[in-house]
Amino acid sequence: MLVLFETPAGFALFKVLDEGKLNKVEDLSKEFLAADSARKVVSLKAFSKFENTAEALEAATKLLESTPSKGLRKFLRAHCDGETLGVADSKLGNAIKEKLKIDCIHNTSVMELLRGVRTQLTELISGLGAQDLAPMSLGLSHSLSRYKLKFSADKVDTMIVQAIGLLDDLDKELNTYAMRIREWYGWHFPELTRIVQDNIHYAKTVKLMVILLELSQILPEEVETELKEAAVISMGTEVNDLDLMNIKELCDQVLSLSEYRAQLYDYLKSRMNTVAPNLTALVGELVGARLIAHGGSLLNLAKQPGSTVQILGAEKALFRALMTKHSTPKYGLIYHASLVGQAAPKHKGKISRSLAAKAALAIRCDALGDDQDNSMGLENRAKLEARLRALEGKELGRSAGSAKGKPKIEVYDKDRKKGAGLITPAKSYNPAADSVLGQTTNSGALDEQDTAPRKKKKVEVEPQEEEAAEVAAIEDKKEKRKKKKKADQEASLPISGNELENEEPVPKEKEKKKKKKRQAEDSGENVEGEKEEKKKKRKHVEEQEPEVQTKKEKKKKKSGD
C-alpha cells in the first residue's frame, strides 16, 4: 500500500511497511513519536520535485479543485502500478481512480498515518530540511493567495463598485463647483444665471467671456443675442482682472472634471456590459451598478430574492414603516430604471415588482451562468414593456390577473331578473305620506288611502319612533307650563266668532280618528303602539291650538288700539 503526501517542494510516495498497524488507529500516533519508529512504519519510495514556483502553483490550485495535475498523473503512472493508494481527499481519490484506474483509499487510518508523516517529514525525506521547508511554504501560500485574488469570480465586480462610487462623488463635486461659479460670477453678471441653465454651458460661457472670445461656438444664436442685450443693461458690479482670472481657473477645473466624468461613465458602461449584461439590459448601467454596490458584490446580490431587490436602497423607509405600522415602500434604487419611469404613478408599484423579479433572475444568470450574452435580459425587457402597455391600455372591466376576461359591468337592479322584465312596477313618490311635526293635515283623507299592509309597516317602525316621542314629551311639559300662564292671563278676554269657527274642525278630526281606531280593532291587528303615538299627536295639536288663538287675539287688540 502506498500513501500520497503533498509538500511545498513536491509530491512524495511512502510505502507502508506494516499494514497490520493500520488496524489499530489509537496506537498509530505513538509510532511517530520518534524518527526510528516512524521509519519502521513507512519508507519513502519516490519523490517528485517541483522545478519552479509556477509548477508548484499549478499543482496547488489543481489540488484545491480536487483534480490531479499533469505532473502528478505522470508521477503516479510511473510508481503505482498494481498498488493501492491512500489519499487525504476523497474527491481527489475518485478523480485519480477515474483517470488512472488506480484504487484509492480514504479513511481514518490513512488520515492518522498522514498526520504522523507530517510530524516526521524532514526525517523521512532526506535532503529536505526544516530551514528550507518553511520559506517554500510561505512563498507558495503567497503565490496561491495572489492567484486566487486575481482570478476570483467574486472580485471581478470590485471595479464596478469603485467606479459607481467615484461617479457619485464627481457629481456632487461638479454640482458644488458649478454653484460656486454662479454665485461668484453672479456679482458681475447676475442675468447670465437666468439665460444659461446648464452648469457646464455656464462654465464654458464664463470662461469665454473672461478671455473675450465669441460665444457662437457654444451657444445658439438666439441665446447669444439675448446674452449680449442683457450684458448692455446688466446691474452687476465691476470686478478686476485678478478676480476674473480666479473665476477662469475654477471654470477650467469644472470642465476638466466633466470630461473625466464622461470617460468614467464610458468605462463603467463597458464593465457593466461585460460583467452583468442581462442586468444592464433590464435596468441600465447606472441602476445596475448601484444595485451591485449596495449588495456588496454580484454574487451577494444573486443570493437575494426579488422582493429584496425591489426595495434595495429603501431600508430606512422600510424599517420606519414597520415600526410605525404604515405601508411599506414599493421601490428603492430600482425606481430610477427607465421602465418604472415610463409607467403611470398608479402602475409604478406593479411594474417595479415585475421588474425586480426579472432583475433577480438576470443577476443570477450573470453571476452563476456560463453564457455572457444579454439575450435573457432583452427578452425579459420586451415582456415587461408589453405588460406596461397592457396596464396603460387596460379597460375598466378587465379582471385582475386575467388577460382574456373582460366581464361586462351592469348597473345593479334588485327588481330585475335574468331574461325577464321588472318584477314589480317602479314606485312613485307620494307627497301626501309626509308628516311634519307642528303641522296639521287632513288625516281623514290619508286614512282612507292607507291599507292593511301599510299599517303593518308603521307598527314595525314604532320602536324607533318611541325614543323620539319621549324627547318630545319632555319638551311638551315645559311648553305646557308656559301656555298655562298665558291662558290664565287671556281667560278674561272675550272670544270672537272667528275663533269659534277655528275650533270646529278639531272635534271632527277627533271623530274620524276614533273611527279609524275601531276599524283597526275589528281587523284584529296589534296597534297598541300606534294608539300611543296618535295620543301624543293629539296632545300636540291641542297644545298648539291655544297658541294660535292667543296670537290672533293679540293681533285684534293691536288693530283695536
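Quick caveat, the model's predicted, so the values are computed rather than measured.

(A) Just the overall build of the protein chain, in detail. Secondary structure summary: the protein chain contains 25 helices and five strands in total. The proportion of buried residues among the 561 residues of the protein chain is 32%. Of the contacts made within the protein chain by residues no fewer than 6 positions apart, 64% connect residues no fewer than 24 positions apart. For the protein chain, the accessible surface area stands at approximately 36600 Å², while carbon and sulfur atoms represent 53% of it.

(B) Region of interest: the packing of helix 8 (residues 158–186) against helix 10 (residues 199–210). Direction vectors running N to C along helix 8 and helix 10 enclose 45°, while the axes themselves pass 10 Å from each other. If you check the angle between helix 8 and helix 10, you find them oblique. Helix-helix and strand crossings are classified by hand; for helix 8 and helix 10 the assignment is left-handed. For the pair formed by helix 8 and helix 10, the contact residues are Asn175, Ala178, Met179, Ile181, Arg182, Tyr185 and Gly186 on the first element and Asn199, Tyr202, Ala203, Val206 and Met209 on the second. Class assignment of the residues belonging to the contact of helix 8 with helix 10 gives a composition of eight nonpolar, three polar and one charged.

(C) Summary view of the packing of helix 8 against helix 12 (residues 241–275). In contact at an axis separation of 9 Å, helix 8 and helix 12 are set at 155° when each is read in the N-to-C sense. Regarding the angle of helix 8 to helix 12, the classification is roughly antiparallel. Crossing of helix 8 against helix 12: the hand is left-handed. When its residues are assigned to classes, the contact of helix 8 with helix 12 shows 26 nonpolar, two polar and five charged.

(D) Representation of the pattern of salt bridges in the model. Throughout the structure, instances matching the rule amount to 13 salt bridges. Residue Arg39 pairs with Glu123 through a salt bridge whose shortest N-O separation is 3.6 Å. Note that Arg39 is positioned in helix 1 (residues 35–41) and Glu123 in helix 6 (residues 121–124), a separation of 84 residues in sequence. Put simply, Glu379 and Lys383 hold a salt bridge, and the shortest N to O gap is 3.8 Å. In this pair, Glu379 and Lys383 are both assigned in helix 20 (residues 375–392), four residues apart and thus about one turn of the helix distant. Assessed through its relative accessible area of 47%, Glu379 is described here as partly exposed. Sharing partners across several salt bridges, the network here consists of Asp36, Arg39 and Glu123.

(E) Focus on the packing of aromatic side chains. Under the defined criterion, the tally for this structure stands at two aromatic pairs. When the ring of Phe11 is compared with that of Phe50, the centres are 5.4 Å apart and the planes differ by 80°; the resulting orientation is edge-to-face. Of this pair, Phe11 sits in strand 2 (residues 10–16) while Phe50 sits in the loop between strand 3 (42–49) and helix 2 (53–64), and the two are 39 residues apart along the sequence. For the pair formed by Phe11 and Phe50, the shared burial category is buried. A centroid spacing of 4.8 Å and a plane angle of 40° characterise the contact between Tyr331 and Tyr335, whose relative ring orientation is tilted. Residue Tyr331 is classed as partly exposed on the basis of its relative accessible area, which comes to 26%. Arg182 extends its terminal NZ or CZ atom over the ring of Tyr202, reaching a point 4.4 Å from the ring centre.

(F) Highlighting the confidence of the model for the protein chain. Here the protein chain shows a mean pLDDT of 79. Residues at 70 or above account for 73%. Scored below 50 in pLDDT, residues 440–464 makes 18 contacts in the model with residues more than four places away or belonging to other chains.

(G) View of unusual backbone geometry. Look at Ser66: it is not a glycine, yet its phi comes out positive at around 65°. Its location among the elements puts Ser66 in the loop between helix 2 and helix 3 (70–79). A positive phi is found at Lys101, a non-glycine position, where the angle reads about 60°. Mapped onto the fold, Lys101 is located in the loop between helix 4 (90–100) and strand 5 (104–105). A residue is classified by how much of its surface remains accessible, and Lys101, at 68% relative accessible area, is exposed.

(H) Focus on helix 8. For helix 8, spanning 29 residues, the distance from its first C-alpha to its last is 42 Å, which sits close to the expected 42 Å at 1.5 Å a residue. Those residues of helix 8 lying buried are Ile160, Ala163, Ile164, Leu167, Leu170, Leu174, Ala178, Ile181, Arg182, Tyr185 and Gly186. On its buried face, helix 8 is in contact with helix 9 (191–195), helix 10, helix 12 and helix 14 (285–295).

(I) Broad picture of the sheet that holds strand 4 (residues 85–86). The five strands are arranged 3-2-1-4-5 in an open sheet whose pairing can be described as mixed. Pairing within the sheet leaves two strands with one partner each, and these edge strands are strand 3 and strand 5.

(J) Fine view of helix 10. Over its 12 residues, helix 10 extends 17 Å from the first C-alpha to the last, a length consistent with the 16 Å expected when each residue adds 1.5 Å. Of all the positions in helix 10, only Tyr202, Ala203, Thr205, Val206, Leu208 and Val210 are classed as buried. In this fold, the buried residues of helix 10 make contact with helix 8, helix 9, helix 11 (221–232) and helix 12.

(K) Fine view of the side chain of Glu285. Tracing the sequence through the fold places Glu285 in helix 14. No salt bridge is formed by the buried Glu285, whose closest oppositely charged neighbour, Lys269, lies at an N-O distance of 4.6 Å. A distance of 3.5 Å separates a polar atom in the side chain of Glu285 from a polar atom in the side chain of Tyr265. What Glu285 contacts, discounting residues up to four positions off in sequence, is Tyr265, Lys269, Met272 and Thr280.

(L) Seen up close, a positive patch on the surface. Taken together, Lys477, Lys478, Arg481, Lys482, Lys484 and Lys486 make up a surface patch of like positive charges. Note on Lys477: relative accessible area 56%, which makes it exposed.

Parameters and conventions
Each chain has its residues counted from 1, running along the sequence as written. Per-residue local features of the predicted model are confined to residues with pLDDT of at least 70, and side-chain atom pairs are confined, for both listing and counting, to 80 or more; whole-chain, interface and lining totals are unaffected and use all residues. Only hydrogens and water are set aside; all other atoms, that is, all heavy atoms of the structure, feed into the side-chain values. Think of it this way: any DSSP run of H or I at least four residues long counts as a helix, any run of E at least two long counts as a strand, and we number them from the N terminus. Under the scheme applied here, a residue whose accessible area is under 20% of the maximum for its type counts as buried, over 50% as exposed, and between as partly exposed, the area being computed with a 1.4 Å probe on protein chains only. The criterion used for residue contact is that any of the two residues' heavy atoms lie within 4.5 Å. Shrake-Rupley sampling with a 1.4 Å probe provides the accessible areas, and residues are treated as covered by the protein chains on show and by no other component. Under this scheme, a helix contributes an axis fitted over its contacting stretch, all axes are lines through C-alpha atoms, and angles between N-to-C directions fall in the 0 to 180 degree range. In this scheme, roughly parallel covers angles under 35 degrees and roughly antiparallel covers those over 145, while 65 to 115 is roughly perpendicular and the rest are oblique. Each crossing gets its hand from how the near helix is turned against the far one by less than a right angle, where anticlockwise is left-handed and clockwise is right-handed. As a working rule, the residues Ala, Val, Leu, Ile, Met, Phe, Trp, Tyr, Cys and Pro are called nonpolar, Asp, Glu, Lys and Arg charged, and the rest polar, with Gly in that last group. Salt bridges are identified by distance alone: a Lys or Arg side-chain nitrogen within 4 Å of an Asp or Glu carboxyl oxygen. Any two of the Phe, Tyr and Trp rings considered here, Trp counted by its six-membered ring, make a pair once their centres fall within 6.5 Å; the pair's planes then place it as stacked at under 30 degrees, edge-to-face at over 60, or tilted in between. Here, a charge over a ring means that NZ of Lys or CZ of Arg falls within 6 Å of the ring centre while also lying within 35 degrees of the ring normal. For every residue, the predictor assigns a confidence score, pLDDT, that lies between 0 and 100. Expected helix span is computed as 1.5 Å times (number of residues minus one). Whether two strands pair comes down to DSSP finding at least two bridges between them. Note that His is not counted, nor are the chain ends; the positive residues are Lys and Arg, and the negative ones are Asp and Glu. In protein, a polar contact requires one atom able to donate a hydrogen and another able to accept it; more generally it is a pair of N or O atoms within 3.5 Å, and residues adjacent in sequence count only if both atoms are side-chain atoms. Like charges within 9 Å and nonpolar side chains (Val, Leu, Ile, Met, Phe, Trp, Tyr) within 5 Å are joined into patches, using only residues over 30% in relative accessible area that form no salt bridge. By convention, charge coordinates are those of NZ in Lys, CZ in Arg, CG in Asp, or CD in Glu.

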